Amino acid sequence: MRSARPRRIAASPMLSITTKSPYALRALTELARIGAESPVPIGELARRRNIPVQFLEQLFAVLRRAGLLKSQRGVKGGYSFARDPSEITVLELVELLDGPLGATAEGIFEEAAAAARQVLGSTSVADVLERENRDAGAQMYYI
């Protein structure tokens, strides 16, 4: 009698979003919150959002090469937006950092990927900041 082995299914990242995208979104939202005219040091963004600095440096390097951010070296150095936060979608971030969302999906997973792409594609960094501000206001208590 043969032992029953579980069938292996080829792993495919059809709907994969790693920690890269949420961390990058948190940092970009903080950069938009600060709204600085001058560049913001990456260490400050990492500290404010509790993100490992080295990890954030890797993510921001990708975003800078893609034209979402610009950097300035030196004492007054740091990062600033190369494009307005209202023009940067969450889907764009996800696909830059994690690859095409749902590219290999089929069937019901293709439908789920399309729904996720629609939500993420219609949500900008500025929208996420607005949502955070609204949620923070809802949690404030006045006496």
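The structure we're discussing is the one just above.
Since the model is a prediction, treat every value here as computed from it, not as a measurement.

A.B. asks: For this particular structure, what's the right way to read helix α2 (residues 42–49)?
C.D. replies: Of all the positions in α2, only I42, L45, A46 and R49 are classed as buried. All buried residues of α2 fall inside an arc of 100 degrees around its axis, so they share one side. Positive backbone phi, approximately 55 degrees, marks N50, located one or two places after α2.

A.B. asks: What should I look at first to understand the side chain of D98 in this one?
C.D. replies: Mapped onto the elements, D98 comes out in helix α4 (residues 90–98). The side chain of D98 is buried and forms no salt bridge, while K20, the nearest opposite charge, is found at 4.8 Å. In terms of polar contacts, D98 uses its side chain to reach the side chain of T18, at 2.4 Å. A polar atom in the side chain of D98 sits 2.5 Å from the side chain of S21. Those residues in contact with D98 that sit more than four places away from it in its chain are S16, I17, T18, K20 and S21.

A.B. asks: Can you walk me through a nonpolar patch on the surface in this structure?
C.D. replies: A surface patch of nonpolar side chains, about 280 Å² in accessible area, is lined by L15, I108 and F109. Relative to the helices and strands, I108 is located in helix α5 (residues 108–121). In this structure I108 comes out as exposed when scored by relative accessible area, which is 57%.

A.B. asks: What am I meant to see in the environment of K70 here?
C.D. replies: In this fold, K70 is placed in strand β1 (residues 69–72). Residue class for K70 comes out partly exposed when judged on its relative accessible area of 47%. Between the C-alpha atom of K70 and that of F60, which follows or precedes it by 10 residues, the distance is 9.2 Å. Non-local contacts of K70, meaning those with residues more than four positions away in its chain, are made with R64, G78, Y79, S80, F81 and A82.

A.B. asks: Mind showing me how you'd approach the nonpolar core here?
C.D. replies: Across soluble globular proteins, nonpolar side chains have a tendency to be buried as a group. Among the nonpolar cores identified, the biggest contains 30 residues, and L28, L56, F60 and L63 are the most heavily contacted of them. Looking at this core, the elements that each hand over two or more residues are α1 (20–34), α2, α3 (53–65), β2 (78–81), α4 and α6 (125–138). Element by element, the count of residues in this core is highest for α1, at six residues. Those residues in contact with F60 that sit more than four places away from it in its chain are A27, L28, I42, L45, L69 and Y79.

What counts and how
Residues numbered from 1 in each chain as written. Predicted model: local features only at pLDDT ≥ 70, side-chain atom pairs only at ≥ 80, totals over all residues. Heavy atoms only, no water. Buried < 20%, exposed > 50% of the residue type's maximum accessible area, 1.4 Å probe, protein only. Helix = DSSP H or I, 4+ residues; strand = E, 2+ residues; numbered from the N terminus. Arc of directions from axis to C-beta. Lys, Arg positive; Asp, Glu negative; His and termini not counted. Salt bridge = Lys/Arg side-chain N within 4 Å of Asp/Glu carboxyl O. Polar contact = N/O pair within 3.5 Å; in protein donor to acceptor, adjacent residues only side chain to side chain. Contact = heavy atoms within 4.5 Å. Patch = residues over 30% accessible without salt bridge, like charges linked within 9 Å, V, L, I, M, F, W, Y side chains within 5 Å. Areas by Shrake-Rupley, 256 points an atom, 1.4 Å probe, with all protein chains shown as cover. Core = buried A, V, L, I, M, F, W, Y, C linked by side-chain atoms within 4.5 Å.

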